[in-house]
Each structure stands twice: as structure tokens, then as C-alpha cells.
Amino acid sequence: FSDPFQDLQEIISPHNCTLLVIHHSGKQRSNSAVDSARGHSSLTDSPSQCLDLKYLNRHEDLQDKRIILSTDGRGEGSNLIIKQEDAGWILEGNFEEVMDQEKHRKKIESLIERQQDIYKLVEERTNKNMYTTYVEAAAILDDEVEDKDRQARATLEQLVKKKLLKTNKVITDKESRGKRYWTT
């Protein structure tokens, strides 16, 4: 089955060019370009690199144009997320990074409104290289909240438990306001 590929490679080798063969893959859900290929196993033995393209979340969101680009072969394999735009392809990042960002985004979306508001405050302040204390968090809480300081502290600690914020304890004195918080 792979003889025609090898024959083509022999023909083009003196010309210092690359042979690109496009072959339809199966519907197997694999992160391996070699495992996704259809047909005889010799089809994936000949090429120096196999590429596999499949949609990332098309089954959940038809508008999601991100694609997983997996490579296998003689060199080191990789899994990248690319996105097709009108002007061409854009690299979104490697698979692990994008999945971590997606997981983080979903975690933020699942927060209740008060937690989201305080998280956004801490995120904005972290981006400006500023820590956040319960005092800044209490200042943005609704007026209906009875004990704003206690509620701000509790919400900040909830976000720490969810691993969305980090904290450290500051030695308390007249100028200090207890713990400082920042985004992870």
C-alpha cells in the first residue's frame, strides 16, 4: 500500500521539495494523527510526519472555529489549537494551555455574581501590579449587604479555596489590612 508513496519520494528527493499527501481520516477520537488515519497501517509508516485536523468543540458549539492540529512522526509530536479566520489561520496556543484557559473560564462563569464581581476586581488590580484586601472588596459590595467586611473576607477566601486567588498573610499593624489577594 505504501509503495506509491515511496516511489514518489524517490522521484522528488533530488529536487529538494516536500511531498504532501492528503488522506481522509476516520471518525476515531484520538489525539494521535497516526491512530486517526484510515486504511492500512503502512499508509502512516512511510511519511515523516502525519498531521491530523479535527474540531475542538464543534459538537458543543457550532460557532467554535478552533481546530486541534496534531502531529506524529519521526520528529517530536505536538498538539496545537488553531483557528480559521477570513485572513487565514491563527495559532491559539498548545493544547494543554488552551484547555487550562478553557477550564479557568468555565470556573469563572460558574461563580455566583458576588464572587464574579470580586474576582474581576482582584484580576484588574493584579494586572496593575496591585494587591487587593478585604477593604477594596467590601467597597464594591451592594448596599444591602449587612456586614460588608465579613462578606468580603468570606468571598475572597471562597475564591482562594476554588484556586482562583492566592493570598499571603501580612503582619497587622495600623496601616495593614490583613491578607492580600491576587489572581493565580
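Anything mentioned here points back to the structure above.
Below: a short report on this structure. Model, not experiment: these values are computed from the prediction.

A short note on helix H3 (residues 95–109)
Part 1 of the argument: In this model H3 runs 21 Å from its N-terminal to its C-terminal C-alpha over 15 residues, within 8% of the 21 Å that 1.5 Å per residue would give.
Part 2 of the argument: Every buried residue belonging to H3 is among Phe 95, Val 98, Glu 102 and Ile 108, and all of these are buried. Seen along its axis, H3 keeps its buried residues to an arc of 155 degrees; they face one direction. Exposed positions of H3 whose direction lies more than 90 degrees from the buried face are Asp 100 and Lys 103.
Part 3 of the argument: Looking at the buried positions of H3, the neighbouring elements they touch are strand S2 (66–73), strand S3 (78–85), strand S4 (88–94) and helix H4 (113–127).
Part 4 of the argument: A side-chain oxygen of the first residue of H3 lies 3.0 Å from the backbone nitrogen of Glu 96; this N-cap is Asn 94.

Section: the pattern of salt bridges
Part 1 of the argument: Scanning the entire structure with this criterion turns up nine salt bridges.
Part 2 of the argument: Glu 102 is the partner of Arg 66 in a salt bridge, and the nearest nitrogen-oxygen pair spans 3.2 Å. One end of the pair, Arg 66, is in strand S2; the other, Glu 102, is in helix H3, and 36 residues separate them in sequence. Like Glu 102, Arg 66 is buried.
Part 3 of the argument: Asp 143 is the salt-bridge partner of Lys 148, the closest N and O atoms lying 3.2 Å from each other.
Part 4 of the argument: Members of the salt-bridge network, linked through shared partners, are Asp 64, Arg 66, Glu 102, Arg 105 and Glu 109.

Focus on the sheet that holds S4
Part 1 of the argument: Overall, antiparallel pairing links the four strands, which are arranged S1-S2-S3-S4 in an open sheet. Two strands in the sheet have a free side with no partner beyond their single neighbour: strand S1 (49–55) and S4. Recorded for the sheet is a direction-independent mean angle of 30 degrees between the axes of neighbouring strands.
Part 2 of the argument: Along the sheet face, H3 touches S2, S3 and S4 and points at about 80 degrees away from the line of S4.

Definitions and limits used
Residues numbered from 1 in each chain as written. Predicted model: local features only at pLDDT ≥ 70, side-chain atom pairs only at ≥ 80, totals over all residues. Heavy atoms only, no water. Helix = DSSP H or I, 4+ residues; strand = E, 2+ residues; numbered from the N terminus. Expected span 1.5 Å × (residues − 1). Buried < 20%, exposed > 50% of the residue type's maximum accessible area, 1.4 Å probe, protein only. Arc of directions from axis to C-beta. Contact = heavy atoms within 4.5 Å. Polar contact = N/O pair within 3.5 Å; in protein donor to acceptor, adjacent residues only side chain to side chain. Salt bridge = Lys/Arg side-chain N within 4 Å of Asp/Glu carboxyl O. Pairing = 2+ DSSP bridges. Axes fitted to C-alpha atoms, helices over the stretch in contact; angles between N-to-C directions.

The values are spatial; any link to function lies outside them.
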